[in-house]
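Each chain, letter by letter, is given below.
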Amino acid sequence: VKFVKRNIKKIDAVVISDYNKGFISSSLVPKIREVYLKFIVVAPKQSDLKFYEGANIFIANRLEFDRVHYHCLTSPHTEGIIITEGAKGTTLDYCKADSSLQLLYKQRVYKNLVDVTGSGDVFLAAFTVAFTNNLKINECIDFANVAGGIKVSKFGTSVVSLNEINNELKNV
């Protein structure tokens, strides 16, 4: 939280990827939200999303999503949860103040499935980059899906470049 306060003018988004190692506390997101009013995205591991109250978007894979108690949180900041489902694509459960849900499904782009290590992290990062560059949420999902699709065609923890994503988007 101190880092966010010191660097608030330089920060376009706060990304919290909870690996359930005890570093993330239930007070972290609310404390960040007190000083930072922009975009907060969380990859949750806790079973109750209220643990991260104040986040704008949650991103989880299907297995993680099935473990959480998901509901439209009462926070005015929460817009929804994005569920990555591998080759099946991505689902957006879109929460708004009226508690209505809309589902948006986007197909992920795959070349050759080599290794899924880090694909969720690549999706999270790419989505955040797209969102902070003012793309619409469906465009953010397309961008992140392409990045994730490129990642799984590479072995191990590898980098996906903006050039690779842009080239793939031209071909979609």
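Now for a look at the structure at hand. Small disclaimer: the values here were computed from a predicted structure and weren't measured.

1. Brief notes about the environment of D12
Right, on to step 1. The topology assignment puts D12 in the loop between α1 (2–7) and β1 (13–17).
Right, on to step 2. With residues up to four places along the chain from it excluded, the contact list for D12 reads Y36, K38, F39 and T132.

2. Quick notes on the packing of helix α5 (residues 137–151) against helix α6 (residues 162–171)
Right, on to step 1. Between α5 and α6, the least distance of the axes is 9 Å, while the angle of their chain directions is 110°. Considering the angle they form, α5 stands roughly perpendicular to α6. Crossing angle aside, the handedness with which α5 passes α6 is right-handed. On α6, the residues that touch F143, V146, A147 and I150 of α5 are L162, E164, I165, E168 and L169.
Right, on to step 2. For the contact of α5 with α6, the residue count by class is seven nonpolar, no polar and two charged.

3. Looking at the pairing of β1
Right, on to step 1. Residues V14 and I16 of β1 are buried on one face, while the alternating residues A13, V15 and S17, pointing to the opposite face, are not.
Right, on to step 2. Pairing analysis gives five bridges linking β1 to strand β2 (residues 39–43), with the strands arranged parallel. Residue pairing for β2: A13 is matched across the bridge by F39.

What counts, and where the lines are drawn
- Residues numbered from 1 in each chain as written.
- Predicted model: local features only at pLDDT ≥ 70, side-chain atom pairs only at ≥ 80, totals over all residues.
- Heavy atoms only, no water.
- Helix = DSSP H or I, 4+ residues; strand = E, 2+ residues; numbered from the N terminus.
- Contact = heavy atoms within 4.5 Å.
- Axes fitted to C-alpha atoms, helices over the stretch in contact; angles between N-to-C directions.
- Parallel < 35°, antiparallel > 145°, perpendicular 65-115°, else oblique.
- Left-handed = near helix turned anticlockwise from the far one by under 90°.
- Nonpolar A, V, L, I, M, F, W, Y, C, P; charged D, E, K, R; others polar.
- Buried < 20%, exposed > 50% of the residue type's maximum accessible area, 1.4 Å probe, protein only.
- Pairing = 2+ DSSP bridges.

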